[in-house]
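Analysis of the macromolecular model
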Amino acid sequence: MSPSVRLQEMIRVIRGARTQGEERGVIQRECAAIRAQFRQADNGTRSHNLAKLLYVHMLGYPAHFGQMECVRLIASPRYNEKRVGYLGAMMLLDEKQDASLLITNSIKNDLSHSSQYVQSLALCTLACMGSAEMCRDLAPEIDRLLRASNSYIKKKAALCAVHMVRKVPELGELFTPAARSLLSEKNHGVLHGAVVLITELCERNPDTLEQFRKAVPELVLMMKGLVMSGYSPEHNVAGISDPFLQVRILRLLRILGRNNDTASDAMNDLLAQVATNTDSSKTAGSAVLYETVLTVMDIKSESGLRVLAVNILGRFLLNNDRNIRYISMTSLQKIVQTDHNAVQRHRGTIVDCLKDQDASVKRRALELSLALVSAVNIRSLMKELLLFLSSCPPELRAHTTSGIFNAAERYAPSQRWHIDTILHVLTTAGGDVRDETVPNLIQLITTATELHCYTVHKLYRALITDISVQSLVQVACWCIGEYGDLLLRGECEETEPVQVTEDDVLDALETVLQSHMSSPATRGFALTATMKLSTRITHNVDRIRSIVSIYGSCIDVELQQRAVEYNALFKKYDHMRAAVLERMPVIDKSSPGHTNGESAGGTIKELEPTKLTQEIVFPQEPSNQVCDLLDLLGGSGEPFQPSPSLSSTAPGPASSTAGGDLLDLLGGLDVTPAPPSVTVYEKNGVTLKLQTDTQTDTGMTVTLTATNSTDGDITGLTLQAAVPKSVQLQMKAPSGDVIPAHGLGQVTQTVLLNNPNKVSLKIRVRVCYTSQSSVCQDTVQIDSFPSTAW
Amino acid sequence: MPQVPEISMALLPFINNYTHLQCKMRFLLLFSRQGKLRLQKWFTPIPEREKKKITRDMTTMVLARKPRSCNFLHWKDLKIVYKRYASLYFCCGLDAEENELLALEMLHRYVELLDKYFGNVCELDIIFNFEKAYFILDEFLLGGEVQETSKLVVARSVEASDMLQETMEEYMSKPAF
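Here is what the cut-offs are and how they apply
Residues numbered from 1 in each chain as written. Chains lettered and ligands numbered in written order. Predicted model: local features only at pLDDT ≥ 70, side-chain atom pairs only at ≥ 80, totals over all residues. Heavy atoms only, no water. Helix = DSSP H or I, 4+ residues; strand = E, 2+ residues; numbered from the N terminus. Buried < 20%, exposed > 50% of the residue type's maximum accessible area, 1.4 Å probe, protein only. Contact = heavy atoms within 4.5 Å. Areas by Shrake-Rupley, 256 points an atom, 1.4 Å probe, with all protein chains shown as cover. Axes fitted to C-alpha atoms, helices over the stretch in contact; angles between N-to-C directions. Parallel < 35°, antiparallel > 145°, perpendicular 65-115°, else oblique. Left-handed = near helix turned anticlockwise from the far one by under 90°. Pairing = 2+ DSSP bridges. Disulfide = S-S within 2.5 Å. Salt bridge = Lys/Arg side-chain N within 4 Å of Asp/Glu carboxyl O. Polar contact = N/O pair within 3.5 Å; in protein donor to acceptor, adjacent residues only side chain to side chain. Nonpolar A, V, L, I, M, F, W, Y, C, P; charged D, E, K, R; others polar. Expected span 1.5 Å × (residues − 1). Patch = residues over 30% accessible without salt bridge, like charges linked within 9 Å, V, L, I, M, F, W, Y side chains within 5 Å. Lys, Arg positive; Asp, Glu negative; His and termini not counted. Charge placed at Lys NZ, Arg CZ, Asp CG, Glu CD. 1 Å grid on protein atoms, 1.4 Å probe; cavity = no way out; pocket = protein on both sides within 12 Å on 5 of 7 lines; lining within 4 Å. Points joined across faces, edges and corners; volume = space filled by probe spheres on them. pLDDT = per-residue confidence, 0-100.

Some points on the overall build of chain A
The helix and strand inventory of chain A stands at 35 helices and 12 strands. Across the 790 residues that make up chain A, the buried fraction comes to 57%. If you take every contact in chain A between residues at least 6 apart in sequence, the share linking residues at least 24 apart comes to 67%. Accessible surface, chain A: about 32,300 Å² in total, of which carbon and sulfur atoms supply 50%.

Some remarks on the overall build of chain B
Of regular secondary structure, chain B possesses six helices and seven strands. Start at the N end of chain B and walk to the C end: the helices and strands fall as α-β-β-α-β-β-β-α-α-α-β-β-α. Look at the contacts in chain B between residues 6 or more apart in sequence, and 52% of them connect residues 24 or more apart. For chain B, the computed accessible surface area is about 7,600 Å², with 55% contributed by carbon and sulfur atoms.

A look at the environment of tyrosine 110 of chain B
Residues and elements named next belong to chain B. Relative to the helices and strands, tyrosine 110 resides in helix H3 (residues 100-118). Overall, tyrosine 110 belongs to the buried group, its relative accessible area being 1%. Along the primary structure tyrosine 110 and isoleucine 136 are separated by 26 residues, whereas in three dimensions their C-alpha atoms are 8.3 Å apart.

What to know about the packing of helix H23 (residues 378-391) of chain A against helix H24 (residues 394-411) of chain A
All names here are of chain A. Packing of H23 against H24 leaves a shortest axis separation of 11 Å and a crossing angle of 160 degrees. Overall, the two elements H23 and H24 adopt an arrangement that is roughly antiparallel. Of the two possible hands of crossing, H23 and H24 adopt the one that is left-handed. Note on element contacts: H24 touches H23 through Leu396, Arg397, Thr400, Thr401, Ile404, Ala407, Ala408 and Tyr411, opposite Ile378, Met382, Leu385, Leu386, Phe388 and Leu389.

Concerning the sheet that holds strand S6 (residues 686-694) of chain A
Residues and elements named next belong to chain A. Reading across the sheet, the five strands line up as S5-S6-S7-S10-S9 and stay open at both edges, with antiparallel pairing between neighbours. Unpaired on one side and paired on the other, strand S5 (677-683) and strand S9 (728-731) mark the two borders of the sheet. Across the sheet, the axes of successive neighbouring strands diverge by a mean angle of 20 degrees, strand direction being ignored. When S5 meets S6, the two strands line up antiparallel, connected through six bridges. Directly across from glutamate 682, in S6, lies its bridge partner threonine 687.

Here we look at the state of the cysteines
Enumeration over the complete set of coordinates arrives at zero disulfides over all chains. A disulfide-free cysteine, cysteine 124 of chain A has its sulfur positioned 6.5 Å from the sulfur of cysteine 128 of chain A, the nearest such atom.

A closer look at the interface of chain A and chain B
Opposite the 74 residues of chain A that make contact, chain B presents 74 residues. Here lysine 24 of chain B ties to glutamate 203 of chain A by a salt bridge, and the two come within 3.7 Å at their closest N and O atoms. Seen at the junction of chain A and chain B, the total is 21 residue pairs in polar contact (both at pLDDT 80 or more). For the side of chain A that touches chain B, the class distribution of residues is 31 nonpolar, 18 polar and 25 charged.

What about the sheet that holds strand S4 (residues 78-85) of chain B?
All names here are of chain B. The antiparallel open sheet is built from five strands, whose spatial order is S2-S1-S5-S4-S3. The sheet is open, and its two borders are formed by strand S2 (37-42) and strand S3 (72-75), each paired with just one other strand. Neighbour-to-neighbour, the strand axes of the sheet open up by a mean angle of 20 degrees, direction not taken into account. Here strand S1 (residues 25-32) pairs with strand S5 (residues 88-94) via seven bridges, running antiparallel.

Some points on the pattern of salt bridges
Residue and element names in this part refer to chain A. Taken as a whole and judged by the stated rule, the model has 52 salt bridges over all chains. One salt bridge connects glutamate 30 with lysine 52, and the closest N-O pair in it is separated by 3.7 Å. Here glutamate 30, found in helix H2 (residues 20-39), pairs with lysine 52, found in helix H3 (residues 46-58); they are 22 residues apart in sequence, far enough to count as distant. Residue classification places lysine 52 among the buried residues on the basis of a relative accessible area of 3%.

Here we look at helix H25 (residues 415-429) of chain A
Residue and element names in this part refer to chain A. Helix length check: H25 (15 residues) gives 21 Å between terminal C-alpha atoms against 21 Å at 1.5 Å per residue, within 8%. Every buried residue belonging to H25 is among Trp417, His418, Ile419, Asp420, Thr421, Ile422, Leu423, Val425, Leu426 and Ala429, and all of these are buried. Those residues of H25 that are buried lie in contact with H23, H24, helix H26 (437-447), helix H27 (452-465) and helix H28 (470-489).

Re a negative patch on the surface
On the surface, Asp261, Asp265, Asp269 and Glu302 of chain A cluster together into a patch of negative charge. Note on placement: glutamate 302 of chain A falls in the loop between helix H17 (283-298) and helix H18 (303-317).

Structural notes on empty space enclosed by the protein
Scanning the model with the defined rule gives 11 cavities of 30 Å³ or more in all. Its boundaries defined by the atoms lining it, the largest cavity holds a volume of some 180 Å³. Among the elements of the structure, helix H15 (243-257) of chain A together with H3 and strand S7 (145-146) of chain B are those that each provide at least two residues to the lining of the largest cavity. Of the residues in the lining of the largest cavity, the class split is eight nonpolar, three polar and five charged. Volume-wise, the second largest cavity comes out at about 130 Å³. Lining the second largest cavity are 15 residues, and of these Ser120 and Leu121 of chain A together with Phe135, Asp138 and Glu139 of chain B lie nearest its centre. Where the lining of the second largest cavity is concerned, the elements lending two or more residues are helix H5 (79-92), helix H8 (116-129) and helix H10 (151-167) of chain A together with helix H5 (130-140) of chain B. Class assignment of the residues belonging to the lining of the second largest cavity gives a composition of nine nonpolar, two polar and four charged.

Considering unusual backbone geometry
All names here are of chain A. Phi angles above zero are rare outside glycine, and aspartate 242 is one such case at about 50 degrees. Here aspartate 242 shows up in the loop between strand S2 (240-241) and H15. A relative accessible area of 1% places aspartate 242 in the buried class. At asparagine 259, a position not held by glycine, the phi torsion is positive, near 60 degrees. Along the chain, the position of asparagine 259 falls in the loop between H15 and helix H16 (261-277). Taking the relative accessible area as the measure of exposure, asparagine 259 reaches 64% and is therefore exposed.

Structural notes on the packing of helix H31 (residues 541-551) of chain A against helix H32 (residues 557-571) of chain A
Any two packed helices are characterised by how steeply their axes cross, that is the angle between the axes, and by the distance between the axes. All names here are of chain A. The interhelical angle for the contact between H31 and H32, taken along N-to-C directions, is 140 degrees, at an axis separation of 7 Å. Considered as vectors, H31 and H32 are oriented oblique to each other. In terms of crossing hand, the pair formed by H31 and H32 is left-handed. Residue-level inspection shows Val541, Ile544, Arg545, Val548, Ser549 and Tyr551 of H31 in contact with H32, the latter providing Leu559, Gln560, Ala563, Tyr566, Asn567 and Phe570. Residue composition of the contact of H31 with H32, by class: eight nonpolar, three polar and one charged.

What to know about the side chain of asparagine 71 of chain B
With respect to the secondary-structure elements, asparagine 71 of chain B resides in the loop between helix H2 (48-63) and S3. Sequence-distant contacts of asparagine 71 of chain B, defined by excluding residues within four places in its chain, comprise Asn323 of chain A together with Ile80, Val81, Tyr82, Lys83 and Leu104 of chain B.

Observations regarding the side chain of threonine 55 of chain B
Residues and elements named next belong to chain B. Mapped onto the secondary structure, threonine 55 falls in helix H2. Note on threonine 55: relative accessible area 10%, which makes it buried. A distance of 2.7 Å separates the side chain of threonine 55 from the backbone oxygen of lysine 51, its partner in a polar contact. Those residues in contact with threonine 55 that sit more than four places away from it in its chain are Leu29, Leu37 and Trp42.

So, the confidence of the model for chain B
A low pLDDT means the predicted coordinates there should not be read in detail. Summary statistics for chain B give a mean pLDDT of 85 and a share of 81% for residues scoring 70 or more. Low confidence marks residues 1-21 of chain B, where pLDDT is under 50. Its contacts with residues over four positions away, or in another chain, come to 40 contacts.

Printed below as a string of structure tokens:
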């Protein structure tokens, strides 16, 4: 019985095992037997035992104890043992194993073996797992074989040399002369190896590249021969003569022609010829055409040739074979920037590929379509993209939405179109949009002032249909809160107006507030919107009051805080409510807070008129009051930090500005015991003085003192302050809000400032008080401070 | 994002360490529709553990593909080209610069060579004669590159090597075991 049957028998037994456990048992037994056999003296079965071990290894079991056996078998004089030994070496040994060094000597000997099949084994193994050391050691051998051997060995030596050059680049110099002479061989295997070797050498060494440019004419001839030759049965694949060799030659030409006019000229005709004569009905021909296109696009080819290449890609797009369509799109993607117009011509076909069944093709088509968007085609292309979005695979949705948004942003033909597009996306795929979509859309809406009525109508309709898409609901709530009055007016130019009552609108918002589907952030939006409506509706303010007070005991801390603050706005600060909840001015896109700190373009707008924004904190007993100072600055069109909901304590994000050295100067001065104070406001008998005190080189304490020289008490005194964006401000509790008459007392309030960017410090103060039963309100701006020398 | 299994972060250093090799083809795997490995050829030195992980990733990814999908995938920085022949998947991992259509032709050529050798090759042939499958592969590819573009020459070389081996075996074989 031939020993090899035992191998097949073992395989049969293993396959017959019904469970994993049974299999493991069989294998353990076999491995034990194999190990025992390895330890024995040579009995002619070693190769079969190793073969068995290799099978077991492929199943995933450990086989490291076979490594030394490989070494032994490789050294054997018998071909069958060498063959399996080398196979085992390639499977079990790699350059990391110590045992691999031990085979170097065997390989060296076998490279000069009298039998070419033994030489072949050595070459194959060397090319598969030869370490850098082995390569250095054996390189001269390989060079010898490259020059003087038969084609069978030469072709293998060439690829072995390729491996060596990859491992030890310096060896390239050694192989260059031999490589050059190999180009004149006739044998396809040798030629192929030679071309691969030359490609590798040229990629690594610019001098070698220069040298081999002279071989371009020779390569062109070689290629022509292949293309124009008649049917050659030995190398023919679907009508193409040796496509493997053709592709490698084309690739080498690409490297040689890159950035070189002369070389590119020399291959121009050939490339045109290949492009026109190659039959692309089967994969082999398409592979050659594909490589041709890549070469044409990469070298300095004539424009006519480039157009030809792009047209080939266009033809590929219409091919029935999905692979070819995929390839075409990856190539078009690479050239869409450089040859934009040429690719645009195929836009129709590309867009059709969006409907392909295959996910890879769809993805490519999407990338390409997005790259092809332009001002000219935006409307039609967006229709297709939106259609695609409604049926696209889930893994592509996020990419599609962001691509659509980017395209819309760059090329929107009108604001209404832009808003409609974004709303369409949110309705179709609102769960897959980026977080900044919501603030971006809000910003867009505020800018489109003529469309407020239209937008709020659209969003209201969307809201009452479906409240599951959080991004859409958030924007809708914000809009209704902001423009609810336009909704209630019942008239609209751009679209059919809705006839709703205040209760309907409040119902919609309350549904959002109460729904399980609404995220905490969404509920925050809804609550704030409800609150804002208190100044936009007339009849149902009490309902809003009760909603707000209910949420004052909500478990969600954020909602609770808001509700409590809004409650306070109803009670103690009711006189401010209208101002606080006023219509927001247009949001400036470049303000840093808007883009969450990403935009580097948000510099503080300098000076006249000063645009100061800040949110103020009045620390007072447990709850914090929030007051938005925007109205202080008057008028719309001024940039401010957008906050879809009013939030407390938000120091302005830092952004770099040309800072003054105000505080540096202040820091340099000694702090005098009684810092001088300056009168900043004097009217109606009320005087407000300011004095400063620096603690750190960025921090400063400002004390405001108010006195009253009239006959009656001043009551309800409130002070508010605004500072430049990067400055942080904290107002301490005032000492009181009543200034006794006749200068008998005063009210002081401390303000802590932190100016990390050391900007030019200005402060605007609004004074509000009741004097002799009339409310007075004034604003002063302080541009310089007492301690400065200016 | 396509639903591909993520390669573990631990693997990346190993793969990246060997990119200096710029080996055009990194590996060739044959596996059954149940994910059993039938042949594995690695053209870059990778630790055993990592080979197993990559194999698992490949089988998972390829077996998940729908029947009429395109034969090309992207996986990390590699192109994966695969084709199903009866019950076996032929799958290779290539550098990003490679010509995928040619890779398909290469896989097809290998199948043709196997078919010529075994006569209407089927998966069982490759299971029970796996070492032959490797020998044939080693006459077709060398160091991850095509070494012979003529089907005839490859077939003849394998035949000749087999003859050499048989002579040896006849000489060495003993009556019974």
